[in-house]
Protein chains: 2
Amino acid sequence: MSSAYRIIHSGGVTSAKGFLAGAVHAGIKSADELDLAILHSEAPCAAAGVFTTNQIKSAPVITSQRHLAGGRAQAIVANSGCANACVGQQGLVDALEMAGLAAAKLGIPLEHVLVASTGVIGVPLPMDRVTSGIRGIQLSREGGYHFARAIMTTDTRPKEMAVKIDTGEFIIGGAAKGAGMIHPHLATMLCFITTDALLDAGFLQSSLQKAVAISFNMISIDGDTSPSDSVFLLANGLAGNEAISFNNGEAFQEALDRICVHLARSIARDGEGATKLIEVAVEGAKDQAEACHAARTIASSSSVKTAMHGNDPNWGRIVAALGGSRVELVQERLDVYLNNICVMKQGCPTPCDKEEIRASLAIADKVLIRVCLNLGSGQATAWGCDLSEEYVTINSEYTT
Amino acid sequence: MSSAYRIIHSGGVTSAKGFLAGAVHAGIKSADELDLAILHSEAPCAAAGVFTTNQIKSAPVITSQRHLAGGRAQAIVANSGCANACVGQQGLVDALEMAGLAAAKLGIPLEHVLVASTGVIGVPLPMDRVTSGIRGIQLSREGGYHFARAIMTTDTRPKEMAVKIDTGEFIIGGAAKGAGMIHPHLATMLCFITTDALLDAGFLQSSLQKAVAISFNMISIDGDTSPSDSVFLLANGLAGNEAISFNNGEAFQEALDRICVHLARSIARDGEGATKLIEVAVEGAKDQAEACHAARTIASSSSVKTAMHGNDPNWGRIVAALGGSRVELVQERLDVYLNNICVMKQGCPTPCDKEEIRASLAIADKVLIRVCLNLGSGQATAWGCDLSEEYVTINSEYTT
């Protein structure tokens, strides 16, 4: 069943059968950009979500969690420019009204509408603009791209992907946004995945959690989490396939993993101010949890991120970041590779050509850090990005 | 006994009776700056140390830990420009030789010499330069300032302080370095504290740990820890005071706390690229451990640090950083103040003048963030600094 799917060119959230989307510039963002969108399925969907672990949850997250309690949904209404977080009870009222406006427009039950908002915290949604905006949205099969654009904040490009399973049975498509306040266990990131496959409810939630664990939970932009993070999976069953469950779900899981990893990597690569993707592969950890923690710690380290920004082969920072984590390690067994060049073997520096490493760092838009702990069989990969002056500039001026 | 001490103008590690210091430019750093120093007590000292929690420990840390096992020391040899970390067995040989050279020069036992190194990781110490450098060091009662300069890396100014207890019984003085890779639980920071007080051995270690807990462990520059962090306390007893122990140690502890907090704040304020100090006071946490964690989490948040750099009153990031921690909180009880202006009351935004906050952020070189959880009696203060473009520039070019 390996790689039994092909990528759909320009595919996204409306590639799967029965999904429509559309977006408008409602005026929530001051710039003349799309900022309000609806994703709609012609048929009710089995639905699952994974949400931020931040204790401060945005009103849309709370609302969507309540609406997902029944495991069904048929639409998502999303906006950028305002997170609808930390605004007290008004936030819940507004999120519910936003869902209600979409429900009325689409003629579906309120509790079948999920809500997602991203942007500034502590500012109420401009509900007059949301109201007229929702009325103005035109839904179409071609609207996936507009949906992907409308959820962007400081992203420089939309992030989409869709695949069709080789057997032709079903399609999975997704869109995501990222850019800042991104860290393991979800941060200001939103991801919407649709499929026309018929999925068993238990498998639906389980497969999404599995995919999120190896993708969105393995990226870090700046170590901050956000109150708004949400990953949604909607399955409308219109493909007419035999229901997919744990016993026959391998191909679906593989395709879903691929989409989530692609979108997560796209978020890391497009981190605020980023000029390159940093991929951290950890092998030989005591177990997988330790490997995950080690990879994320290195990918999150400011001193590693700035060194990579400057094409500086200062691998001591990788080792210091690893040592600063709680991961079990034995220095004498530690091997470290930077862009596939061994810089540390069994805990000692190796004679390596620093200019060769520097040149390889300068050329590519991707840095590969590989750490072998040589203690066990745990392995994991995390993704981050370099830390640039531009990140600081973007974040110093965000609300101003 | 409150504030029963006065600050000694231009005081430092040689203010207490019997301490001498000196430094040279040995050539470990390429720039023509002091980079090698010795601190010496005329009499053997009771000594204690607190070291990095990073699992990768530099050779000087391992060596000093061994030498401190007996609780006695009489000198410290320190260098900047090279951390003597991650260089295998050679590191331990070099650290021991460095201690031995100082011991021979001073005519004291090898195991009474402590070692501290800070700088690039993964590069061996240039022992020829260290050898001739140690020979050239001239020790004097006025050498404390040179010692404080010689331990600097990217610090922009030396960090020193000394106080004399009002009763005139004894003096405590200290010097520290910081700048980058600074995070709770010690990072690339070194601190040397001397006193001519006679101290009970158990009280010595305990008082240092208490002072470090509320000072150096409460600062963060960039979330990275280092293999080299060390805080030393040497007490030579030359003041001739009645031995200080737990039953009569209040004034000593208070003065030691004051020096450590001052030096820790100085390190935070002088963080790489920093333009302002950020002080985070957390009150009403469930307990003190939670208050410490909350304060450190906020002081470490990249998005908070960049907002403060831009004088941006984007307090939502403070709340998001807090929520991203594991600290128990109830959003409806949360109050947040920025420069003493209430921005959130009981979990809701307050009507406040953002321009007034912006102006207050722009004027001062210190930002005060106060968070009241209103759950218990735990309180703590942490210090950090803003994150500037300059931090990135410094760290992109460190070894190059």
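What counts as what
Every chain's residues receive numbers from 1 upward, in the order its sequence appears when written. Chain labels run from A onward and ligand labels from 1 onward, assigned in the order the entries are written. Per-residue local features of the predicted model are confined to residues with pLDDT of at least 70, and side-chain atom pairs are confined, for both listing and counting, to 80 or more; whole-chain, interface and lining totals are unaffected and use all residues. Put simply, DSSP H or I for four residues or longer makes a helix, DSSP E for two residues or longer makes a strand, and each gets a number counted from the N terminus. This radius of gyration counts C-alpha atoms alone. The globule rule is 2.2 Å times how many residues there are, raised to the power 0.38. Between the buried cut of 20 or more and the exposed cut of 12 or fewer other C-beta atoms within 10 Å of a residue's own C-beta lies the partly exposed class, and all C-beta atoms are placed from the backbone. Two residues qualify as a contact pair if the distance between their C-beta atoms, derived from the backbone, is within 7 Å. Paired strands, in this sense, are two strands between which DSSP finds at least two bridges. Here, axes are lines fitted to C-alpha atoms. For helices the fit covers the stretch in contact, and angles between N-to-C directions go from 0 to 180 degrees. When the copies are superposed, the least-squares fit draws on C-alpha atoms of residues that have pLDDT of at least 70 in both. Throughout this description, any angle smaller than 35 degrees is read as roughly parallel, any larger than 145 degrees as roughly antiparallel, any in the 65 to 115 degree range as roughly perpendicular, and the remainder as oblique. Left-handed describes a crossing in which the near helix is turned anticlockwise from the far one by less than a right angle; the clockwise case is right-handed. Note on residue categories: nonpolar means Ala, Val, Leu, Ile, Met, Phe, Trp, Tyr, Cys or Pro, charged means Asp, Glu, Lys or Arg, and polar means any other residue, Gly included. Given a helix with a known number of residues, its expected span is that number minus one, times 1.5 Å. Regarding the arc, it is the one traced by the directions from the helix axis to the C-beta atoms. pLDDT expresses how confident the predictor is about each individual residue, on a scale running from 0 to 100.

Peer 1: Please clarify how the overall build of chain A should be interpreted in this entry.
Peer 2: Within chain A, the secondary structure is distributed over 11 helices and 15 strands. For chain A, the C-alpha radius of gyration of 21 Å lies close to 21 Å, the compact-globule estimate for 400 residues. Principal-axis analysis of the C-alpha atoms places the extent of chain A at approximately 70 × 50 × 35 Å. Expressed as a percentage of the 400 residues in chain A, the buried residues total 63%. Residue pairs in contact within chain A that sit at least 24 positions apart in sequence constitute 80% of those at least 6 positions apart.

Peer 1: Is there a simple way to explain the sheet that holds strand 14 (residues 366–372) of chain B in this structure?
Peer 2: Strand-to-strand pairing in sheets goes through backbone hydrogen bonds, with the strands running parallel or antiparallel. Residues and elements named next belong to chain B. Taking strand neighbours across the sheet as the criterion, the 6 strands line up as 13-12-11-14-10-15 in an open arrangement whose pairing is mixed. What marks the edges here is a single partner per strand, and that holds for strand 13 (348–349) and strand 15 (378–385). Pairing of strand 10 (residues 277–285) with strand 14, which is carried by 7 bridges, proceeds in the parallel orientation. Across the sheet, the residue bridging to Val280 is Ile369, located in strand 14. Sheet strands touched by helix 7 (residues 288–300): strand 10, strand 14 and strand 15. Its angle to strand 15, the strand with the most contacts, is close to 20 degrees.

Peer 1: What am I meant to see in unusual backbone geometry here?
Peer 2: In most cases, non-glycine residues show a negative phi, while peptide bonds are predominantly trans. Despite not being glycine, A:Asn84 shows a phi value in the positive range, around 50 degrees. Of note, the phi angle at B:Asn339 is positive, near 50 degrees, even though the residue is not glycine. Within the fold, B:Asn339 resides in the loop between strand 11 (335–338) and strand 12 (341–345).

Peer 1: Where do I start with the sheet that holds strand 13 (residues 348–349) of chain A in this structure?
Peer 2: Residues and elements named next belong to chain A. Taken together, 6 strands build an open sheet; the order of strands is 13-12-11-14-10-15 and the sheet is mixed. Two strands close off the open sheet at either side, each with one partner strand: strand 13 and strand 15 (378–385). Where strand 10 (residues 277–285) meets strand 15, 7 bridges bridge the pair, whose relative direction is antiparallel. The residue of strand 15 that forms the bridge with Ala285 is Gly378.

Peer 1: How do you make sense of the environment of A:Thr350 when you look at a structure like this?
Peer 2: Residue and element names in this part refer to chain A. Within the element layout of this structure, Thr350 appears in the loop between strand 13 and helix 10 (354–363). For Thr350 and Val336, which are 14 residues apart along the polypeptide, the C-alpha to C-alpha distance reads 9.7 Å. Apart from the residues lying within four places of it in its own chain, the contact partners of Thr350 are Cys342, Val343, Met344 and Lys345.

Peer 1: Can you help me understand the relation of the copies chain B and chain A in this one?
Peer 2: The operation linking the two copies of the chain is a rotation about an axis combined with a translation along the axis. Turning chain B through 180 degrees and shifting it by 0.0 Å along the axis lays it on chain A, with an RMSD of 0.0 Å. When the rotation and shift are considered jointly, the pair of chain copies conforms to a two-fold rotation axis. Distance from the rotation axis, computed per C-alpha, reaches its smallest value in chain B at B:Glu389: 2.2 Å. A high fraction, 100%, of the interface residues of chain B reappear at the interface in chain A, so the copies pair face to face through one surface.

Peer 1: Looking at this structure, I do not really get the packing of helix 2 (residues 89–106) of chain B against helix 3 (residues 127–136) of chain B. What am I missing?
Peer 2: A pair of packed helices is characterised by two quantities: the angle between their axes and the separation of those axes. Residue and element names in this part refer to chain B. At a closest axis distance of 10 Å, the pairing of helix 2 and helix 3 adopts a crossing angle of 20 degrees. By the criterion of interaxial angle, the relationship of helix 2 to helix 3 is roughly parallel. The two elements helix 2 and helix 3 cross, and the hand of that crossing is right-handed. Contacts between helix 2 and helix 3 pair Asp94, Glu97, Met98, Leu101, Ala102 and Lys105 from the former with Met127, Val130, Thr131, Ile134 and Arg135 from the latter.

Peer 1: Can you walk me through the interface of chain B and chain A in this structure?
Peer 2: Reports often express the size of an interface as the amount of accessible area lost when the parts come together. Tallying the contact residues gives 52 residues for chain B and 52 residues for chain A. The dominant element in the side of chain B that touches chain A, judged by the number of residues it contributes, is helix 9 (residues 316–324) of chain B, at 7 residues. Of the residues contributing to the side of chain B that touches chain A, the split by class is 20 nonpolar, 26 polar and 6 charged.

Peer 1: How do you make sense of the environment of B:Ala73 when you look at a structure like this?
Peer 2: Residues and elements named next belong to chain B. On the secondary structure map, Ala73 appears in strand 4 (residues 72–82). In this structure Ala73 comes out as buried when scored by C-beta crowding, with 28 C-beta atoms within 10 Å. Counting along the chain gives 39 residues from Ala73 to His112, while the straight-line C-alpha distance between them is 4.0 Å. Once you skip the residues sitting within four places of it in the chain, Ala73 turns out to touch Cys45, Ala47, His67, Leu68, His112, Leu114 and Leu234.

Peer 1: How should the packing of helix 7 of chain B against helix 9 of chain B be read in this particular structure?
Peer 2: Residues and elements named next belong to chain B. Where helix 7 meets helix 9, the closest approach of the two axes is 9 Å, and the angle between their N-to-C directions is 130 degrees. It follows from the interaxial angle that helix 7 and helix 9 lie oblique. Classified by chirality, the crossing of helix 9 by helix 7 is right-handed. On the side of helix 7, the interface is formed by Ala294, Thr297 and Ile298, while helix 9 contributes Ile318, Ala321, Leu322 and Gly324. Taken together, the residues that form the contact of helix 7 with helix 9 break down as 5 nonpolar, 2 polar and no charged.

Peer 1: How should I be thinking about helix 7 (residues 288–300) of chain A in this particular structure?
Peer 2: In an α-helix, one turn spans 3.6 residues, which is why side chains three or four residues apart end up on the same side. Residues and elements named next belong to chain A. Between its first and last C-alpha atoms helix 7 spans 18 Å; for 13 residues at 1.5 Å apiece the expected length is 18 Å, and the two agree. Where helix 7 is concerned, the buried positions are Glu290, Ala291, Cys292, Ala294, Ala295, Arg296, Thr297, Ile298, Ala299 and Ser300. Taken together, the buried residues of helix 7 touch strand 10, helix 8 (302–309), helix 9 (316–324), strand 14 (366–372) and strand 15.

Peer 1: How should I be thinking about helix 5 (residues 201–214) of chain A in this particular structure?
Peer 2: Residue and element names in this part refer to chain A. With 14 residues, helix 5 extends 21 Å between its outermost C-alpha atoms, agreeing within 8% with the 20 Å of an ideal straight helix rising 1.5 Å per residue. Within helix 5 the residues assigned to the buried category are Phe203, Leu204, Ser207, Leu208, Ala211 and Val212. For helix 5, the buried positions fall inside an angular range of 160 degrees around the axis, keeping them on one side.

Peer 1: In this structure, what is going on with the environment of B:Gly12? I would like to understand it.
Peer 2: Summarising the element assignment, B:Gly12 is placed in the loop between strand 1 (5–7) and strand 2 (19–24). Apart from the residues within four sequence positions on either side, B:Gly12 is in contact with B:Gly144, B:Tyr145, B:Ala148, B:Glu160, B:Ala162, B:Gly173 and B:Ala175.

Peer 1: Please clarify how the confidence of the model for chain A should be interpreted in this entry.
Peer 2: When pLDDT drops low, the exact placement of atoms in the prediction is not to be read closely. Residues and elements named next belong to chain A. Within chain A, residue pLDDT values average 88, and 94% of them lie at 70 or more. Here residues 181–187 is a poorly scored stretch, pLDDT under 50, and it has 40 contacts once near neighbours within four places are set aside; other chains count. Across the interface, the model reports ipTM at 0.71; the global pTM reads 0.78.

Peer 1: What's the story with the pairing of strand 8 (residues 190–195) of chain A in this structure? I'm lost.
Peer 2: As a general feature of sheets, a regular strand has side chains that alternate between the two faces. All names here are of chain A. With 6 of 6 residues buried, strand 8 is to be regarded as a mostly interior element. Covered by surrounding structure in strand 8 are Leu190, Phe192 and Thr194 together with Cys191, Ile193 and Thr195, the residues of both alternating faces. For strand 7 (residues 171–177) and strand 8, the ladder comprises 6 bridges, and the chain directions are antiparallel. Bridge pairing in strand 8 places Lys177 opposite Leu190. Pairing between strand 8 and strand 9 (residues 230–235): 6 bridges, direction parallel. Bridged to Ile193 within strand 9 is Leu233.

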